[in-house]
Amino acid sequence: MAAAQKTASESPLAGADIGAMLLALIVVLAVIIILASIVKRFNLKLQGNADMKVLSAMSLGTKERLMIVEVAGQKLLLGVTAERIDCLKELPDSVELKGQQKP
């Protein structure tokens, strides 16, 4: 009987160990949620390229879009579908979009 009690108390899944493990899991999940909300709130971009900007986008359907992008100072009108991306027109520099601020 003493051997059975000894093995039960030395079990890796004792009550205190499970509590500590659950507490650590909750802390890790809370840190992940807090960091995700900070990234979303401040609109931080983890990946980005200063030479490429999406200036405007308009949905034409579930998988089709028109996008105006600026690449190396040149504005392009792109047609984007699920299968391909086509450059529809190169826009002149004089084209200004509503809501776009001048640098």
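Described below are features of the structure shown in this document. (Residues numbered from 1 in each chain as written. Predicted model: local features only at pLDDT ≥ 70, side-chain atom pairs only at ≥ 80, totals over all residues. Heavy atoms only, no water.)

1. Considering the pairing of strand E1 (residues 52-59)
Here comes step 1: Relative to strand E2 (residues 65-71), E1 runs antiparallel, the two being bridged by seven bridges. Counted as the bridge partner of Ala57 is Met67 from E2.
Here comes step 2: Connecting E1 to the next strand, E2, in antiparallel fashion are five residues. (Pairing = 2+ DSSP bridges. Helix = DSSP H or I, 4+ residues; strand = E, 2+ residues; numbered from the N terminus.)

2. Observations regarding a nonpolar patch on the surface
Here comes step 1: There is a patch of nonpolar side chains on the surface, built from Ile18, Met21, Leu22, Leu25, Val28, Leu29 and Ile32 and spanning about 640 Å² of accessible area.
Here comes step 2: Tracing the backbone shows Leu22 in helix H2 (residues 15-41). (Patch = residues over 30% accessible without salt bridge, like charges linked within 9 Å, V, L, I, M, F, W, Y side chains within 5 Å. Areas by Shrake-Rupley, 256 points an atom, 1.4 Å probe, with all protein chains shown as cover. Salt bridge = Lys/Arg side-chain N within 4 Å of Asp/Glu carboxyl O.)

3. Some points on the nonpolar core
If you look at soluble globular proteins, the nonpolar side chains tend to sit buried side by side.
Here comes step 1: Judged by nonpolar contacts, Met67, Val69, Leu76, Leu78 and Val80 together constitute the single largest core of five residues.
Here comes step 2: Mapped onto this core, the elements with two or more residues apiece are E2 and strand E3 (74-80).
Here comes step 3: Among the elements that take part in this core, E3 stands out by supplying three residues, more than any other.
Here comes step 4: The residues touching Met67, leaving out its near neighbours within four places in the chain, are Val54, Ser56, Ala57, Leu76, Leu77, Leu78 and Val80. (Core = buried A, V, L, I, M, F, W, Y, C linked by side-chain atoms within 4.5 Å. Buried < 20%, exposed > 50% of the residue type's maximum accessible area, 1.4 Å probe, protein only. Contact = heavy atoms within 4.5 Å.)

4. So, unusual backbone geometry
Here comes step 1: One non-glycine residue with positive phi stands out, namely Ala72, at about 50°.
Here comes step 2: Tracing the backbone shows Ala72 in the loop between E2 and E3.
Here comes step 3: Judged by its relative accessible area of 68%, Ala72 falls in the exposed class.

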